[in-house]
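# Descriptive structure summary
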Amino acid sequence: MNKIKTTKKFWAYIALFAVVLIWSLSPIVSNMKVVKSNYSPGMIIALRSVFATIALLLINVKKLKKINKNYFKVAVPSGLILATATLCQMIGYRYEAAPGETAFLENVSVVIIPIFLFLFTRKKPSWMKIGAAVLCFVGSAIIALAGSKGNVFSVSLGKWLAIIAGVMYGVNIAVTGVFTKKLDLDSGLYVFIQLFIQSLAAFGYSIIGEKLLMAEGNVFQFTFQPLPLITVAVLGIVATGICWTLRTHCFKHINVMFVSIVMPFSSVLTGVWSIIGGMETLTWNLAVGGCIILMAILLADLGDKLLEKHKLKKQAAELPLVEEVAITCESTKNIENKENKE
């Protein structure tokens, strides 16, 4: 049994790092001209969600009969929360939110997650996990605020949208991590329903907010041209459908806080790909911030294990003394009984 559990945990870690790798490439593809110039923010999210939902439907068609009310209790609200997060993220790019600033503000999720985990489970996170979240936040700040001259008193609409996205991502991660494990929900079916809800919400926003209201910088755009459509389809199936399913599966075998700490490391890899591709140059912000986030990842995973190991060693060292006291007490009791008989 332990061997099977260890094997599942090993593959969960492999899946988690695959998600980080794919998500590090996703922003670069999403911000390519072939996507941004052909689709509005709401339509990008809507199409990605639709392609992901169709893919997951085909993959999980034989398991649809397993869906019960527990799936809808969790997946519907979490789908609406996720839709809010992704729409705020994508719309924010059109309202004076630079990618670096957006990445920093969205990482507020690592601070939000411990709060909601406590609210849902009443189990306090260890100070190691809290420290790792703070470290991750600091590392992301160093990377994101490079060259920034703004201040918190003049926050643009795009930045506020990024903050809301970070909060909503944090709530979604906490809800998914706690209740999919507690109710033993199948990862594929759960994400299928969640993304179906997100696609409905995104299409609704795109038609009402972008097409009817014609918001400045956020106007409805759509095309059937093959290359843009294929690009969005790949993003939807791989980066949205497969990656969200893998991440949800990871929650069942890996600590939720560790997953939340690892996710922002994808922004570091995004910077690396940008440097390799000649889109930006290596800065001390990326190097230092990346190292701090890496430290946060190690602290989140290894910190509690080291504390537990130290605790077990301490207990083992005290065990002989406890046994000696127990033997002494037993001997004293036997002597007293013998004296009473005499």
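Read on for an overview of the structure. (Residues numbered from 1 in each chain as written. Predicted model: local features only at pLDDT ≥ 70, side-chain atom pairs only at ≥ 80, totals over all residues. Heavy atoms only, no water.)

### Re the overall build of the chain
- Counting its secondary structure elements, the chain contains 13 helices and 0 strands.
- Taken from the N to the C terminus, the helices and strands of the chain come in the order α-α-α-α-α-α-α-α-α-α-α-α-α.
- Burial status across the chain gives 44% buried among its 342 residues.
- If you take every contact in the chain between residues at least 6 apart in sequence, the share linking residues at least 24 apart comes to 90%.
- Counting every atom, the chain has about 18,400 Å² of accessible surface; 70% of that belongs to carbon and sulfur. (Helix = DSSP H or I, 4+ residues; strand = E, 2+ residues; numbered from the N terminus. Buried < 20%, exposed > 50% of the residue type's maximum accessible area, 1.4 Å probe, protein only. Contact = heavy atoms within 4.5 Å. Areas by Shrake-Rupley, 256 points an atom, 1.4 Å probe, with all protein chains shown as cover.)

### Examining a nonpolar patch on the surface
- On the surface, I230, V234, I237, V238 and I242 cluster together into a nonpolar patch covering about 370 Å² of accessible area.
- Tracing the backbone through its elements, the reader meets I230 in helix α10 (residues 226–250).
- Residue class for I230 comes out exposed when judged on its relative accessible area of 52%. (Patch = residues over 30% accessible without salt bridge, like charges linked within 9 Å, V, L, I, M, F, W, Y side chains within 5 Å. Salt bridge = Lys/Arg side-chain N within 4 Å of Asp/Glu carboxyl O.)

### Considerations on the pattern of salt bridges
- Using the criterion set out here, one finds 1 salt bridge in the structure.
- Put simply, D186 and K63 hold a salt bridge, and the shortest N to O gap is 3.1 Å. Linking D186 in the loop between α8 (157–182) and α9 (187–212) with K63 in the loop between α3 (41–59) and α4 (69–92), this pair joins segments that are 123 residues apart in sequence.
- Judged by its relative accessible area of 25%, K63 is partly exposed.

### Some thoughts on the nonpolar core
- Core analysis: the largest hydrophobic core is formed by 72 residues, its most contacted members being L16, W23, Y190, I254, F258, I261 and M263.
- The residues contacting M263, other than those within four sequence positions of it, are L16, V19, V20, W23 and R247. (Core = buried A, V, L, I, M, F, W, Y, C linked by side-chain atoms within 4.5 Å.)

### Some thoughts on the packing of aromatic side chains
- Evaluation of the coordinates by the stated rule reveals 6 aromatic pairs.
- Between F10 and W11 the ring centres are 5.4 Å apart and the planes differ by 75°, which places this aromatic pair in the edge-to-face class.
- The class for F10 is partly exposed, based on a relative accessible area of 46%.
- Judged by its relative accessible area of 54%, W11 is exposed. (Phe/Tyr/Trp six-rings, centres within 6.5 Å; stacked < 30°, edge-to-face > 60°.)

### Let's talk about a positive patch on the surface
- Together, K5, K9, K123 and K181 line one region of the surface with positive charge.
- Here K9 is to be found in helix α1 (residues 2–30).
- On the basis of relative accessibility, which here comes to 33%, the residue K9 falls in the partly exposed class. (Lys, Arg positive; Asp, Glu negative; His and termini not counted. Charge placed at Lys NZ, Arg CZ, Asp CG, Glu CD.)

### Considering the packing of α4 against α8
- Between α4 and α8, whose axes approach to 8 Å, the crossing angle comes to 155°. Taken together, the axes of α4 and α8 lie roughly antiparallel to each other. For the element pair α4 and α8, the recorded crossing hand is left-handed. Residues V74, S78, I81, L82, T84, A85, T86, C88, Q89, I91 and G92 of α4 form the contact with α8, whose own contacting residues are G158, L161, I164, A165, M168, Y169, V171, N172, V175 and F179.
- Considered class by class, the residues forming the contact of α4 with α8 number 14 nonpolar, 7 polar and no charged. (Axes fitted to C-alpha atoms, helices over the stretch in contact; angles between N-to-C directions. Parallel < 35°, antiparallel > 145°, perpendicular 65-115°, else oblique. Left-handed = near helix turned anticlockwise from the far one by under 90°. Nonpolar A, V, L, I, M, F, W, Y, C, P; charged D, E, K, R; others polar.)

### What about the packing of α3 against α4?
- Interhelical geometry of α3 versus α4 gives an angle of 140° and a closest axis separation of 8 Å. Overall, the two elements α3 and α4 adopt an arrangement that is oblique. Between α3 and α4 lies a crossing of right-handed hand. Within the contact between the two elements, α3 uses P41, G42, I44 and I45 and α4 uses T86, L87, M90 and I91.

### A closer look at helix α12 (residues 265–276)
- End to end, α12 covers 17 Å across 12 residues, agreeing with the expected 16 Å (1.5 Å per residue, within 8%).
- Those residues of α12 not exposed but buried are S266, V268, L269, T270, G271 and S274. (Expected span 1.5 Å × (residues − 1).)

### Some remarks on the environment of K129
- Within the secondary structure, K129 is located in helix α7 (residues 127–144).
- Look at K129 and you get buried, because its relative accessible area is 7%.
- For the pair formed by K129 and I297, sequence separation is 168 residues and the distance between their alpha carbons is 9.6 Å.

### Description of unusual backbone geometry
- Phi at D184 takes a positive value of approximately 55°, unusual for a residue other than glycine.
- Relative to the helices and strands, D184 resides in the loop between α8 and α9.
- Given the relative accessible area of 61%, D184 is considered exposed.

### Things to note about the side chain of S78
- Considering the arrangement of structural elements, one finds S78 in helix α4.
- In this structure S78 comes out as buried when scored by relative accessible area, which is 1%.
- If sequence neighbours within four positions are ignored, S78 has contacts with N172, V175, Y190 and Q194.

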